[in-house]
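The lines below spell out each chain.
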Amino acid sequence: MDAIETVGLKRRYAQGFEAVRGISFSVRQGEIFALLGTNGAGKTSTVELLEGLAAPSAGEVRVLGADPFAERASVRPRTGVMLQESGFPSELTVTETVRMWAGCTTEARPYAEVLALVGLDGRRAQVRVKQLSGGERRRLDLAVALLGRPEVLFLDEPTTGMDPEGRRDTWELVRQLRAEGTTVLLTTHYLEEAEQLADRLAIMHTGRIVTSGTPAEVVAQRPSRIRCVLPDGVTPEQLPLSVPAAVGERGGRQTVEIRTQQLQHALTELLLWAREKNVELEGLQARSASLEEAFLEIAQSEDDPAGDDTGPSAGAGRGRPARRRTGSDDKAEVRSA
């Protein structure tokens, strides 16, 4: 059984704005799933439906096999929620805050154990909430979310405000929770965080899931890039490529950017050609695609994807923003740099 499952999920607000427009996806038990998207993409509206804070306008959602809104009394004790801001009383100490929340939590784990997990034990346990740094407040938010030993954990921007050490420590804790069987649904604007933690991810745009899969699968849908400056007398048409060339200019020199789905093949072909022609390609750079490029391409798209999503592979066909591609994977595309 999947820990989280949505089918045709929609959320429409009173003013008629449809923030979530028919999405379908599932999260397996013991999996870390990242839900990405720009501000306004529909992430928060979706997560609130999963947490049972509102009922969907249409479609279905199941968390641990139950409706998180209609059956909240049975679902809520089995989930943990880390909000972007929890609004703790500022005059309470860290220990007092966690003890207070433990009193409202079914079968709460010892507060000292939770504080040690998030690195707020020792001296920091006696600090007042108002004296905590932004990163320490996020640790306190996480401590409260972990009190009930949740089977499903919702993390909304968990490392915002943390320093690099705190972020890495939090990542290790999330991995530890997964190893113990906890299912984690994560929203984050740190794409490195999604790459480091997520087993699978989905990217939302204008209320729909545009693409999803493992981080490697999502990145693999985008072409790698080769960039160089052409020497005088060499034109893009002379390059060993079977597609038309577009050329740019930088400092009076011609520049090209080659996009390809087969980086090693294209780079080898280009270098062999340059050796044969005794041509020096200045400023030669070759790099694979990245999750950041995939995200930005979707975020900057003005398209409004049509049609409902179809689950874990949603975005593999219809509904995906148009992309520049060549006719086959063994060909490269040359663009202006």
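Keep in mind it's a predicted model, so treat the numbers as computed, not measured.

Along the backbone of the protein there are 10 helices and 14 strands. For the protein, the proportion of its 337 residues judged to be buried stands at 48%. When contacts within the protein are restricted to residue pairs at least 6 apart in sequence, those whose partners lie at least 24 apart make up 71%. Working note: accessible area of the protein is about 16300 Å², and carbon and sulfur atoms make up 46% of it.

A full pass over the atoms with the stated rule returns two aromatic pairs. Measuring from centroid to centroid gives 5.4 Å for F25 and F33, while their planes differ by 10 degrees, and the two rings are stacked. F33 sits in the buried class, given a relative accessible area of 2%. Taking 6.1 Å as the distance between ring centres and 80 degrees as the angle between the ring planes, the aromatic pair formed by F88 and W101 counts as edge-to-face. With F88 in the loop between β5 (79-82) and α3 (94-102) and W101 in helix α3, this pair connects stretches of sequence that are 13 residues apart. By relative accessible area, F88 is classed as buried at 13%.

L36, L140, L155, I203 and L291 are the most contacted members of the largest nonpolar core, which has 44 residues in total. Considering every element that reaches this core, the biggest residue donor is helix α5 (residues 134-145), with five residues. L9, F33, F154 and M204 belong to the second largest nonpolar core, which has 26 residues in total.

Further remarks concern empty space enclosed by the protein. Summed over the entire model, instances satisfying the criterion amount to two cavities of 30 Å³ or more. Quantified by volume, the largest cavity comes out at close to 40 Å³. Of the residues that constitute the lining of the largest cavity, the class distribution is five nonpolar, two polar and three charged.

Glancing now at the pattern of salt bridges. Think of it this way: side chains of opposite charge can pair up when their charged atoms draw near. By the definition in use, this model includes 20 salt bridges. Here R12 ties to E18 by a salt bridge, and the two come within 3.1 Å at their closest N and O atoms. When its relative accessible area of 44% is taken as the criterion, R12 is described as partly exposed. One salt bridge in this structure joins E31 and R200, with 2.7 Å as the shortest N-O distance. Taken together, the residues span a long stretch of sequence, with E31 in the loop between β2 (18-27) and β3 (32-37) and R200 in strand β8 (residues 200-205) at a distance of 169 residues. On the basis of relative accessible area, R200 is assigned to the buried category, the value being 6%. Each of the salt bridges in this network shares a partner with another, and the network as a whole consists of R225, R227, E257, R259, R287 and E293.

Pairing is antiparallel across the open sheet formed by three strands, whose spatial order is β2-β1-β4. Lying at the two open borders of the sheet, with one neighbouring strand each, are β2 and β4 (58-63). Adjacent strand axes in the sheet meet at a mean angle of 20 degrees, parallel and antiparallel pairs treated alike. Docked against the sheet, helix α1 (residues 43-50) engages β1 (4-12), β2 and β4, running at close to 120 degrees with respect to β1.

Further remarks concern α5. One turn of an α-helix holds 3.6 residues; hence residues three or four places apart share an orientation. The end-to-end C-alpha distance of α5 is 17 Å, a good match for the 16 Å that 12 residues give at a rise of 1.5 Å each. When you tally the buried positions in α5, you get 10 out of 12 residues, the bulk of the element. Along α5, the positions that sit buried rather than exposed are G135, E136, R138, R139, L140, D141, L142, A143, V144 and A145. Check the buried side of α5 and you find it contacts β5, α3, α4 (111-117), β6 (152-156) and α6 (164-179).

The subject of this paragraph is the pairing of β1. Summarising the sheet, β1 and β4 pair through five bridges and their orientation is antiparallel. By the bridge assignment for β4, V7 is matched with E60. The sheet contact formed by β1 and β2 spans seven bridges and is antiparallel. Paired with K10 across the two strands is R21, which belongs to β2. What sits between β1 and β2 in their antiparallel hairpin is a turn of five residues, with G16 showing a positive phi close to 95 degrees.

Let us now look at the sheet that holds β3. As summarised here, the arrangement of the six strands in space is β5-β6-β7-β3-β8-β9, forming an open sheet in which the pairing is mixed. Both edges of this open sheet fall to β5 and β9 (208-213), since each of them pairs with a single strand only. Neighbour-to-neighbour, the strand axes of the sheet open up by a mean angle of 15 degrees, direction not taken into account. Sheet topology places β5 next to β6; four bridges connect them, and they run parallel. Along β6, the bridge assignment pairs T79 with V152.

Basis of the calculations
- Every chain's residues receive numbers from 1 upward, in the order its sequence appears when written.
- The model is predicted, so local features are restricted to residues of pLDDT at least 70 and side-chain atom pairs to those at 80 or more, both for listing and for counting; the totals for chains, interfaces and linings are taken over all residues.
- Remark: hydrogens and water are excluded; side-chain values derive from all non-hydrogen atoms of the structure.
- A helix here means a DSSP run of H or I that spans at least four residues, while a strand means a run of E at least two residues long, and both kinds are numbered starting from the N terminus.
- Note on classification: 1.4 Å probe, protein chains only; a residue is buried when its accessible area is under 20% of the maximum for its type, exposed when over 50%, partly exposed between these limits.
- Every residue pair with non-hydrogen atoms within 4.5 Å of one another is taken to be in contact.
- Each accessible area is a Shrake-Rupley result for a 1.4 Å probe, and residues are judged covered by the shown protein chains and nothing else.
- Side-chain rings of Phe, Tyr and Trp (the six-membered ring for Trp) are treated as a pair once their centres are within 6.5 Å; stacked means planes under 30 degrees apart, edge-to-face means over 60, and tilted covers the remaining angles.
- The set of buried Ala, Val, Leu, Ile, Met, Phe, Trp, Tyr and Cys residues whose side-chain atoms join them within 4.5 Å is what this entry labels a nonpolar core.
- Points on a 1 Å grid, built from protein atoms alone, make a cavity when a 1.4 Å probe fits but cannot get out and make a pocket when they are open with protein on both sides within 12 Å along at least 5 of 7 lines; residues with an atom within 4 Å of a point are the lining residues.
- Grid points are joined across faces, edges and corners, and a volume is the space filled by probe spheres set on the points.
- Gly falls in the polar group here, along with every residue not listed as nonpolar (Ala, Val, Leu, Ile, Met, Phe, Trp, Tyr, Cys, Pro) or charged (Asp, Glu, Lys, Arg).
- Salt bridges are counted wherever a side-chain nitrogen of Lys or Arg sits within 4 Å of a carboxyl oxygen of Asp or Glu.
- Two strands pair if DSSP finds at least two bridges between them.
- Every axis in this analysis is a line fitted to C-alpha atoms, fitted for helices over the stretch in contact. Angles between the N-to-C directions lie between 0 and 180 degrees.
- Expected helix span is taken as 1.5 Å per residue step, with the number of steps being one fewer than the number of residues.

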